[in-house]
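# Inside the fold
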Amino acid sequence: MAGPGDDDEHDPILDDSIEAEAKTQTCVGGGSGERDMAPSAPGPSIHRSGSRPQLDLSKAEIQGNFEERDPTILLPNQSDDISHLALDIGGSLIKLLYFSRHEEDYSNDDDKRKRTIKERLGITNGNLRSYPVLGGRLHFVKFETHKINECLDFIHSKQLHRRDPYPWSSKTLPLGTGVIKVTGGGAYKFADLFKERLGVSIEKEDEMHCLVSGANFLLKAIRHEAFTHMEAEKEFVQIDPNDLYPYLLVNVGSGVSIIKVDGEGKFERVSGTNVGGGTYWGLGKLLTKCKSFDELLELSQKGDNSTIDMLVGDIYGGMDYSKIGLSASTIASSFGKAISENKELEDYRPEDISLSLLRMISYNIGQISYLNALRFGLKRIFFGGFFIRGHAYTMDTISFAVHFWSKGEMQAMFLRHEGFLGALGAFMSYEKHGLDDLMSHQLVERFPMGAPYTGGNIHGPPLGDLNEKISWMEKFVRRGTEITAPVPMTPSKTTGLGGFDVPSSRGSPLRSDASALNIGVLHFVPTLEVFPLLADPKTYEPNTIDLSDQGEREYWLKVLSEHLPDLVDTAVASEGGTEDAKRRGDAFARAFSAHLARLMEEPAAYGKLGLANLLELREECLREFQFVDAYRSIKQRENEASLAVLPDLLEELDSMNEEARLLTLIEGVLAANIFDWGSRACVDLYRKGTIIEIYRMSRNKMQRPWRVDDFDAFKERMLGTGGKQPHRHKRALLFVDNSGADVILGMLPLAREFLRRGTEVVLVANSLPALNDVTAMELPDIVAGAAKHCDILRRAAEMGGLLVDAMVNPGDGSKKDSTSAPLMVVENGCGSPCIDLRQVSSELAAAAKDADLVILEGMGRALHTNFNAQFKCESLKLAMVKNQRLADKLIKGNIYDCVCRYEPPSVSQM
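Residues numbered from 1 in each chain as written. Predicted model: local features only at pLDDT ≥ 70, side-chain atom pairs only at ≥ 80, totals over all residues. Heavy atoms only, no water.

As annotated in an unreviewed UniProt entry, the chain is Pantothenate kinase 2 from Brassica napus. UniProt lists a comment for the chain under the heading Pathway (unreviewed entry), and it reads "Cofactor biosynthesis; coenzyme A biosynthesis; CoA from (R)-pantothenate: step 1/5." (UniProt positions renumbered as here; feature names shortened; annotations may be inferred.)

What follows is the structure in structure tokens.
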């Protein structure tokens, strides 16, 4: 049924950075490196059902320059009209889901270099068309059903009902020809209104089928969709798609439907109850005079149900009924005290009435669900519907009921997109299960920026326009816990796109589970794949630090907050310090602070929280306020300084024997990794000397053994032992970190050594900027500069397509050491200093096919994430620790300690 549903003085900032969740742009997987790329195998496509349109994702590619705010996705095989809108119109709420696309002119920048690399990696593009590209995002919006006209205004304002089937041509959809998929009772009730106001017809979809279809998709495709909620603790549950069925789906809307799901399209409504969200709202309205469901829920936050409910202790003189396991606080009879008390309705507090109602209905739903799960022998129960709407007390009550009656044998689980199951199922019905082929690594969730209220809660609809975001930020001035600026109201005759709900009382904080739900935008990025060299993708966890620990969470949130002023100054300076840049910088600081405050209060607000997510958050938030590359000028200056001293370093290396050279190379990588603008300890060093002085000081201070020291094992693998020569590596993937000395004086000389030995080298770099990290777009120019001084690098770069026109002349270094191995550059598919190897570019996945060595360098990629990652091939993790907290947690060491962790292929793969 549809319904309402402080450390020491070196305390660093963080080696790397963070991509915002407060955003409406596609960034992970973005950047020009994937612009003309396609997966090596055909991608998933959405198959048509009958004569319905087809969303064809085969050969899908990321397109766009890395400076673009919204890199888009090319669907080269798309020819049919795509549906962009589906609704679930219930008795209380309208749940709307729409698909947006982003159109940009196709560009052939850097095509020649990319083709050379792709040919070597075995990637083919197919036949690219010359029309604008289509990007894909799923947005989630809700309206109250009695405000249907606001919903229609929203659809009309965004022209969701008149999407052009061929955006590169002059064709448009004439009025009266569009069809919108709708489920819920409103599909019948408002069909004429849609025709009258929008000129479109409604195609009604079965409600139960849509609910199940939507739930199946979410549970299989979104990594952190399901979670448990007990005693205010939210814990995410990873569901194995191969072990999903059967399960019980309890949809709590105006009424309650209980559905046993056995597979795709296999389900049965086995029970239900008419006591649901509508009952709570209806009785609550009569008894408390509340005018909205949310007002009623908010009242319950302040209630005490013991003033109305008859408890076991009331019956047994304050004692437990221990013989049957009932505590004195157990409700014996909801509203039972009202029988014996000589009171009128007005004598009871509305807050107490609301809480009593909520507990009565929630316990009832939990018990009925348990009985049905028992009936069919099911252990997992998923609850959805807008009655729950992320409300902590509701979830706790339902969870308690299921746990109590099942004696802990069953689990109540909830869904983050709980209210949109039907709308998502209706959307999928355009192609009948076509979305099922999509996997979790192909969906990236981004959180639109709303208005920051007290305590850092993000409340209100997303703000799409940059000036609109900045102006609203400027209206909020914090004093303690009050908002002193005017609370923004929803303007009349708007779609709701810039309006906000009005708090029930000025200056009082909204609850953390406010009904905005903060559901992110789901971006389709079909070019993202699971890194094929992971030993076991199912057990892989990128985050090394567990932020579910309150102490850890508070520490890292504090570090990010303390770094914020310096970051804002750098970002503003990167754009000339203009007034516009200052306004955007201030707005970014307010928005990012609001997100940090919310995460401090509600750590699981945006899904499972790890250090990588935090580091990702900040970069994304910078992009949202159009700071594309805050460290661009700094990186250029450091690259020039490092290239100037590279010839001397290469000459020094070439004068050494193999063993001494290998040790010096690894020392060089570790020493150069000190150059990190994400670390306050590093920033302090910059004030004390030149880049080469700091590098040599760092190298000279290195003394073995290092804190983690597997160099001898790595040396034996590279040089052999007992006179036995080792076989050379076929292909090495070098995940590089920072610009300047880190990559030029550290990783490039190491890459050169592998090339000297005939090993193919692939430099793996970010798709988008993050602090001073080097990007894949920047690396070819850096390699070209280095190749002027080294024949090995020049030849390898030519073979790898980095020097397409042989723009440099052979240099002085090592002419006797020619090489036939190529040097290539690929992007990793992300814009963060950390990397989640479950979501990498198809280009990187293709490069990994023949790789037998992975080298992860830098704190973000080798310590913050992937320190414990196991691979099918050999791996080497190199980093200098620039954070005392991280040193304490991971290596029981100190700041500036070094990590050289070499591991053979995972035992399970040998």
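Okay, back to it.
Before going further, it helps to examine the overall build of the chain. Helix and strand counts for the chain come out as 27 helices and 31 strands. Per-residue burial for the chain yields a buried fraction of 62% across its 910 residues. When the accessible surface of the chain is summed, it comes to about 33,800 Å², and 49% of that surface belongs to carbon and sulfur atoms. (Helix = DSSP H or I, 4+ residues; strand = E, 2+ residues; numbered from the N terminus. Buried < 20%, exposed > 50% of the residue type's maximum accessible area, 1.4 Å probe, protein only. Areas by Shrake-Rupley, 256 points an atom, 1.4 Å probe, with all protein chains shown as cover.)

For the structure shown, the criterion picks out 42 salt bridges. A salt bridge links R623 to E620; its shortest N-O distance comes to 3.4 Å. Of this pair, R623 and E620 both sit in helix α16 (residues 611-624), separated by three residues, roughly a single helical turn. When the shortest N-O distance is used, the salt bridge between D836 and R838 registers 3.0 Å. Each member of the pair D836 and R838 is classed as buried. One salt-bridge network, in which partners are shared between bridges, spans D654, E658, R661, R752, E753, R756 and R757. (Salt bridge = Lys/Arg side-chain N within 4 Å of Asp/Glu carboxyl O.)

In spatial order, the strands read β9-β8-β16-β15-β10-β11-β12; together these seven strands make up an open sheet with mixed pairing. Among the strands making up the open sheet, the edge pair consists of β9 (233-237) and β12 (266-273). Each adjacent strand pair in this sheet contributes to an overall mean axis angle of 30°, direction not counted. For strand β10 (residues 247-252) and strand β15 (residues 380-384), the ladder comprises four bridges, and the chain directions are parallel. (Pairing = 2+ DSSP bridges. Axes fitted to C-alpha atoms, helices over the stretch in contact; angles between N-to-C directions.)

Counting residues in hydrophobic clusters, the biggest one holds 64 residues, and the most contacted among them are I666, L750, L763, L779, L823, I855 and L878. No other element matches the 10 residues that helix α22 (residues 741-756) contributes to this core. Ignoring any residue separated from it by four or fewer positions in sequence, one finds L823 in contact with L755, V761, L763, V783, L793, A796, A797, G800 and L802. Listed in part, the 60 residues of the second largest apolar core include I89, I202, A215 and L522. (Core = buried A, V, L, I, M, F, W, Y, C linked by side-chain atoms within 4.5 Å. Contact = heavy atoms within 4.5 Å.)

It is the contact of α22 with helix α23 (residues 779-787), at a shortest axis distance of 11 Å, that shows an interaxial angle of 75°. As summarised for this structure, α22 and α23 are arranged roughly perpendicular, according to the angle between their axes. Taking contact as the criterion, the partners of V743, I744 and L748 in α22 are, on α23, L779, I782, V783 and A786. (Parallel < 35°, antiparallel > 145°, perpendicular 65-115°, else oblique.)

Here the focus is the side chain of T394. If you trace the backbone, T394 turns up in helix α11 (residues 392-405). Not counting the four nearest positions on each side in its chain, T394 is found in contact with L297, L358, S362, F387 and I388.

Glancing now at helix α18 (residues 658-672). Taking 1.5 Å of rise per residue, the 15 residues of α18 would be expected to cover 21 Å, and the 21 Å separating its terminal C-alpha atoms lies within 8% of that figure. Summarising burial for α18: 11 of the 15 residues are buried, a large majority. Buried residues of α18: R661, L662, T664, L665, I666, E667, G668, V669, L670, A671 and A672, and no others. The opening residue of α18, the one whose side-chain oxygen lies 3.3 Å from the backbone nitrogen of E659, is N657. (Expected span 1.5 Å × (residues − 1). Polar contact = N/O pair within 3.5 Å; in protein donor to acceptor, adjacent residues only side chain to side chain.)

The next subject is the sheet that holds strand β26 (residues 760-765). Taken together, seven strands build an open sheet; the order of strands is β24-β31-β30-β29-β25-β26-β27 and the sheet is mixed. The sheet is open, and its two borders are formed by β24 (708-709) and β27 (823-827), each paired with just one other strand. The strands that helix α21 (residues 711-719) touches are β24, β30 (874-880) and β31 (898-903); relative to β31, the one it contacts most, it runs at about 45°. Sheet strands in contact with α22 are β25 (731-735), β26, β27, β29 (853-857) and β30, and its direction is about 170° off that of β29.

A separate point is the packing of aromatic side chains. Tallying each qualifying case throughout the model produces 21 aromatic pairs. Relative to F382, the ring of Y247 lies with its centre 5.1 Å away and its plane at 90°, an arrangement referred to as edge-to-face. Highlighted residues: Y247 in strand β10 and F382 in strand β15, separated in sequence by 135 residues. Each member of the pair, Y247 together with F382, is buried. A centroid spacing of 6.4 Å and a plane angle of 75° characterise the contact between W706 and F711, whose relative ring orientation is edge-to-face. Residues W706 and F711 agree in their burial class; the two are buried. Members of the aromatic cluster, joined through ring pairs, are F227, F236, F383 and F414. (Phe/Tyr/Trp six-rings, centres within 6.5 Å; stacked < 30°, edge-to-face > 60°.)

Relative to the helices and strands, D852 is located in the loop between α25 (842-847) and β29. For D852, a relative accessible area of 22% translates into the label partly exposed. Spatially, the C-alpha atom of D852 lies 8.9 Å from that of P905, the residues being 53 residues apart in sequence. If we ignore the near neighbours within four places in the chain, the residues touching D852 are R728, H729, K730, R731, C873 and E874.

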